[in-house]
Amino acid sequence: QVQVVESGGGLVQAGGSLRLSCAASGNILSINAMGWYRQPPGKQRELVASISTSGITNYADSVKGRFAISRDNAKNTVSLQMNSLKLEDAAVYYCNADVTNRAYYRTTYWGQGTQVTVSS
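Analysis parameters
Residues numbered from 1 in each chain as written. Predicted model: local features only at pLDDT ≥ 70, side-chain atom pairs only at ≥ 80, totals over all residues. Heavy atoms only, no water. Helix = DSSP H or I, 4+ residues; strand = E, 2+ residues; numbered from the N terminus. Contact = heavy atoms within 4.5 Å. Salt bridge = Lys/Arg side-chain N within 4 Å of Asp/Glu carboxyl O. Buried < 20%, exposed > 50% of the residue type's maximum accessible area, 1.4 Å probe, protein only. Pairing = 2+ DSSP bridges. Axes fitted to C-alpha atoms, helices over the stretch in contact; angles between N-to-C directions. Disulfide = S-S within 2.5 Å.

Asks: How should the side chain of Asn 96 be read in this particular structure?
Replies: For Asn 96, the location among the structural elements is in strand S9 (residues 91-100). Beyond its immediate sequence surroundings of up to four residues, Asn 96 is in contact with Ala 33, Met 34, Gly 35, Tyr 37, Thr 108, Tyr 109 and Trp 110.

Structure representation (structure tokens):
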């Protein structure tokens, strides 16, 4: 099986910065795309940013220019640098990994989520 673990969430003041990290481990042959999603209370989960194996990135319009996603393929980690945080950025943030295991079975795994709270 595969474990996906996020870290780095917390309370930050509006305008501040926060860096989230995610590590995938277990039965992994390779990881294709990795991404960050978020889910505010009472709302649906939405894509924040994703990154391919080759480093191609994709961002939600609401975070372009403020957030930056990066990954380390050797360590199976992905990070999300969040700058100029706004109140509407507050949510539970989830890490997602598109994993191919050693039996060449491909599936998507989710982390448990990490809370990001933004105060005024």
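Asks: Even after reading the chapter, I still don't get the pattern of salt bridges, so can you show me in this structure?
Replies: Side chains that differ in sign of charge can pair as their charged atoms come close. Tallied over the full model, the rule gives five salt bridges. The partner of Lys 64 in a salt bridge is Asp 61, and the shortest N-O contact between them spans 3.2 Å. A relative accessible area of 65% places Asp 61 in the exposed class. Residues participating in the shared-partner salt-bridge network are Arg 38, Glu 46, Arg 66 and Asp 89.

Asks: Which parts of the structure should I look at to understand the sheet that holds strand S3 (residues 18-26)?
Replies: Consider a sheet: its strands pair through backbone hydrogen bonds, and that pairing is either parallel or antiparallel. Strand order across the open sheet formed by four strands is S1-S3-S8-S7, with antiparallel pairing between neighbours. The sheet is open, and its two borders are formed by strand S1 (2-7) and strand S7 (67-72), each paired with just one other strand. Going across the sheet, the axis of each strand differs from the next one's by a mean of 15°, ignoring polarity. Note that S1 and S3 share six bridges and pair antiparallel. Looking at S3, one finds that Val 2 is bridged to Gly 26.

Asks: It is not clear to me how the state of the cysteines should be interpreted in this structure. Could you clarify?
Replies: Covalent bonding between the sulfur atoms of two cysteines is what defines a disulfide. Inspection of every chain in the model, using the stated rule, returns one disulfide. There is a disulfide in this structure between Cys 22 and Cys 95, and the S-S distance comes to 2.0 Å. Disulfide Cys 22-Cys 95: torsion about the S-S bond near -85°, hence left-handed. Note that Cys 22 is positioned in strand S3 and Cys 95 in strand S9, a separation of 73 residues in sequence.

Asks: Teacher, can you tell me more about the environment of Asn 32 here?
Replies: Within the secondary structure layout, Asn 32 lies in strand S4 (residues 30-39). For Asn 32, a relative accessible area of 24% gives the class partly exposed. Linking Asn 32 and Val 99, residues 67 residues apart in sequence, is a C-alpha distance of 6.3 Å. Contact partners of Asn 32, with chain neighbours within four places excluded, come to Ile 51, Ser 52, Thr 53, Arg 71, Asp 98, Thr 100 and Arg 106.

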